[in-house]
Amino acid sequence: MKAVCWMGKSSMETRTVPDPELINPHDAIIKVTRTAICGSDLHLYDGFIPTMESGDIMGHEFMGLVEEVGPEVANLKRGDRVVVPFTIACGNCIFCKKKFWAACDNTNPNAHLMEKAYGYSGAGLFGYSHMMGGYAGGQAQYVRVPFANVGPLKIENDLPDEKVLFLSDIFPTGYMAAENAQIQPGDTVAVWGCGPVGQFAIASAFMLGAARVIAIDRFQERLALARSLGAITVDYSEEDVSVLTALKDLTGGVGPDSCIDAVGLEAHSNELQGVYDVVKTALFMETDRPSVLRQAIQAVRKGGTLSIPGVYGGLLDKVPFGAAFGKGITMKMGQTNMHNYMKPLLERVEKGQIDPSYIISHRITLEQAPEMYKVWRDKKEKVTKIVIDPWA
Ligand SMILES: [Zn+2]
Ligand SMILES: [Zn+2]
């Protein structure tokens, strides 16, 4: 089959690789009908996530048709149409039972690699390095899905793939970010990053009762999408724009009730601290560039909530923890507990409350994917979301 493979930092290749096979009785093989490139795939492309190996198959946002199931798979049969969550959960450990699916204790065979850095490992993820389980991803024609009784969501309607594909990650991730923001009716919510997760965080914030959402980015196509959802936008790249001042001005000097960091570890900043982070990460003295996190801690109102769906990987410098303490803010974060959100959000799509396909700007083939990684990284061609048809 054909698959998009990571060959090294800033190097992707579409290669012919062996078809996946059932390895254990709970596996299913899915014939991928649509897959997408995620913002967090850029952290792999840019070499920020260790333990990638040359030839690893990329991709954690995919859906398709069940091709084959192992003898222990009772919930699926050949021909079923499914969306697969990017986190792999066993369904039976103490964390799965508590519905902390992203903390599953049984799905990362390389947990010892994570334990060194994190104390404990979270769930295995598709296409996201060996320390996250070493699972082949879904930017391919076929993919092996472990614990297939637990993760895949059956799609039993005739909605096109593009309307349900994003239930695999970014829609639930944006929704959990809004839920983690503890929004009360009438609140003002600020969202840093109007990429795909930011977009769904904005839409979800309104669903959960926010009166106003202030969206912060520097790319006009993303700001335009945010405005189409009803957000007020702040372009931080404009001369004389200070995000902190703008947020104060828009909230009568109080600050937003909740702040959502939908950017994560590769934040861009045109302030001095941004230069500091670029130098420190280049010298391997810091692993992440947390300029959005710093700004959000400063911007949120006293007693407010900071929700962090943006991915962080390691050690952060100069985070104003004193400000977080002094203002008594709540922070909530982490990988998405996908399995809690997929079905209720599918129902919202079926009812027509949201059409997640509005963010798609590019529809491509597997052969075009390596070049599009570069376009996505460089934010060229007004790219907002790339969807791949593996059979085109
Ligand atoms: Zn993703
Ligand atoms: Zn589990």
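Throughout what follows, the structure given in this document is the object of discussion. (Residues numbered from 1 in each chain as written. Chains lettered and ligands numbered in written order. Predicted model: local features only at pLDDT ≥ 70, side-chain atom pairs only at ≥ 80, totals over all residues. Heavy atoms only, no water.)

## Notes on the overall build of the protein chain
The helix and strand inventory of the protein chain stands at 13 helices and 18 strands. At 20 Å, the protein chain has a C-alpha radius of gyration in line with the 21 Å of a compact globule built from 392 residues. Looking at the 392 residues of the protein chain, the share that counts as buried comes to 57%. Taking the contacts inside the protein chain whose residues are at least 6 apart along the sequence as the reference set, 72% of them involve residues at least 24 apart. Put simply, the protein chain shows about 16300 Å² of open surface, and 53% of that area lies on carbon and sulfur atoms. In the protein chain, which carries 38 positive and 45 negative side-chain charges, the distance between the mean positions of the two groups comes to 3 Å. (Helix = DSSP H or I, 4+ residues; strand = E, 2+ residues; numbered from the N terminus. Rg over C-alpha atoms; globule rule 2.2 N^0.38 Å. Buried < 20%, exposed > 50% of the residue type's maximum accessible area, 1.4 Å probe, protein only. Contact = heavy atoms within 4.5 Å. Areas by Shrake-Rupley, 256 points an atom, 1.4 Å probe, with all protein chains shown as cover. Lys, Arg positive; Asp, Glu negative; His and termini not counted. Charge placed at Lys NZ, Arg CZ, Asp CG, Glu CD.)

## Some remarks on the coordination of the zinc ion (ligand 2)
For the zinc ion (ligand 2), the protein coordination sphere consists of C90 (SG), C93 (SG), C96 (SG) and C104 (SG), at 2.3 to 2.4 Å. For the zinc ion (ligand 2), the four donor atoms in the first shell make angles of 101 to 116° at the metal, so the coordination geometry reads as tetrahedral. All donors to the zinc ion (ligand 2) come from one chain, and their sequence spacing reads C-x2-C-x2-C-x7-C. An identical accessibility class is assigned to C90 and C93; each is buried. (Donors = N, O, S within 2.8 Å, 3.2 Å for Na, K, Ca; no water. Tetrahedral: all angles 85-135°; square planar, octahedral: opposite > 155°, others 65-115°.)

## Quick notes on the coordination of the zinc ion (ligand 1)
The protein atoms that coordinate the zinc ion (ligand 1) are C38 (SG), H60 (NE2), E61 (OE) and D169 (OD), at distances of 1.8 to 2.2 Å. For the zinc ion (ligand 1), the four donor atoms are set out with angles of 89 to 132° between them, so the coordination reads as tetrahedral. Summarised as a motif, the one-chain spacing of the donors to the zinc ion (ligand 1) is C-x21-H-E-x107-D. Here the residue C38 occupies a position in the loop between β3 (28–37) and α1 (41–45), and D169 occupies one in the loop between α4 (161–164) and α5 (170–180), the gap between them amounting to 131 residues. The class for C38 is buried, based on a relative accessible area of 5%.

## Regarding the sheet that holds strand β11 (residues 188–192)
The sheet built from six strands is open, its strands ordered β13-β12-β11-β14-β15-β16 with parallel pairing. Each of the sheet's edge strands pairs with one partner strand only, and the pair in question is β13 (232–235) and β16 (330–333). Put simply, the sheet's adjacent strands are angled 20° from each other on average, direction ignored. By the bridge criterion, five bridges tie β11 to strand β12 (residues 212–217) in an arrangement that is parallel. Bridging from a neighbouring strand, V191 pairs with A215 of β12. Seen against the sheet, helix α6 (residues 196–207) touches β11, β12 and β14 (258–261) and runs at an angle of roughly 170° to β12. (Pairing = 2+ DSSP bridges. Axes fitted to C-alpha atoms, helices over the stretch in contact; angles between N-to-C directions.)

## A short note on the environment of D288
Inspection of the secondary structure assignment puts D288 in the loop between α9 (272–282) and α10 (291–299). Along the chain, D288 and L265 lie 23 residues apart, while their C-alpha atoms are 4.7 Å from each other. Here D288 is in contact with L265, D277, T281, Y312, G313, G314, L315 and L316, once residues within four sequence places are set aside.

## Comments concerning the packing of aromatic side chains
According to the stated counting rule, one finds eight aromatic pairs in the structure shown. Seen from their ring centres, F171 and F200 are 5.0 Å apart, and the 35° between their planes marks the pair as tilted. Here F171 is found in helix α5, whereas its partner F200 is found in helix α6, with 29 residues between them in sequence. A residue is classified by how much of its surface remains accessible, and F171, at 0% relative accessible area, is buried. Ring pairing ties together the aromatic residues F166, F171, F200 and Y358, which thus form one cluster. Between the NZ or CZ atom of K31 and the centre of the ring of W391, over which it lies, the distance is 4.7 Å. One Lys or Arg, K379, reaches over the ring of W376 and ends 4.7 Å from the middle of that ring. (Phe/Tyr/Trp six-rings, centres within 6.5 Å; stacked < 30°, edge-to-face > 60°. Lys NZ or Arg CZ within 6 Å of the ring centre and 35° of its normal.)

## Observations concerning the packing of α5 against helix α12 (residues 342–350)
For the pair α5 and α12, interaxial distance at closest approach is 10 Å and the crossing angle is 105°. Compared by their axis directions, α5 and α12 come out roughly perpendicular. Residues F171, P172 and Y175 of α5 touch α12, and the partners they reach there are M342, L345, R348 and V349. In the contact of α5 with α12, the residues fall into six nonpolar, no polar and one charged. (Parallel < 35°, antiparallel > 145°, perpendicular 65-115°, else oblique. Nonpolar A, V, L, I, M, F, W, Y, C, P; charged D, E, K, R; others polar.)

## Remarks on the environment of P146
Relative to the assigned elements, P146 resides in the loop between β9 (142–145) and β10 (153–154). Classification of P146 as buried rests on a relative accessible area of 5%. Beyond its immediate stretch of four places on either side in the chain, P146 contacts H26, D27, I88, F126 and Y135.

## Thoughts on α5
Across the 11 residues of α5, 10 count as buried, placing the element largely inside the fold. Among the residues trailing α5, Q182 stands out with phi positive, at a value near 55°.

## Structural notes on the packing of α5 against α6
Interaxial distance between α5 and α6 falls to 7 Å at its minimum, and their mutual angle equals 50°. The orientation of α5 relative to α6 falls into the category oblique. With respect to the hand of their crossing, α5 and α6 are arranged in right-handed fashion. Contacts from I170, F171, T173, G174, Y175, A177 and A178 of α5 reach α6 at P196, V197, F200, A201, S204, A205 and M207. Each residue belonging to the contact of α5 with α6 can be placed in one class, and the counts come to 11 nonpolar, three polar and no charged. (Left-handed = near helix turned anticlockwise from the far one by under 90°.)

## Considerations on the sheet that holds strand β2 (residues 11–16)
Across the sheet, which stays open at both edges, the three strands sit in the order β2-β1-β4 with antiparallel pairing between neighbours. Of all the strands in the sheet, just β2 and β4 (56–57) have a single pairing partner and so form its edges. The pairing of strand β1 (residues 2–8) with β4 spans two bridges and is classified as antiparallel. Bridge pairing in β4 places W6 opposite D56.

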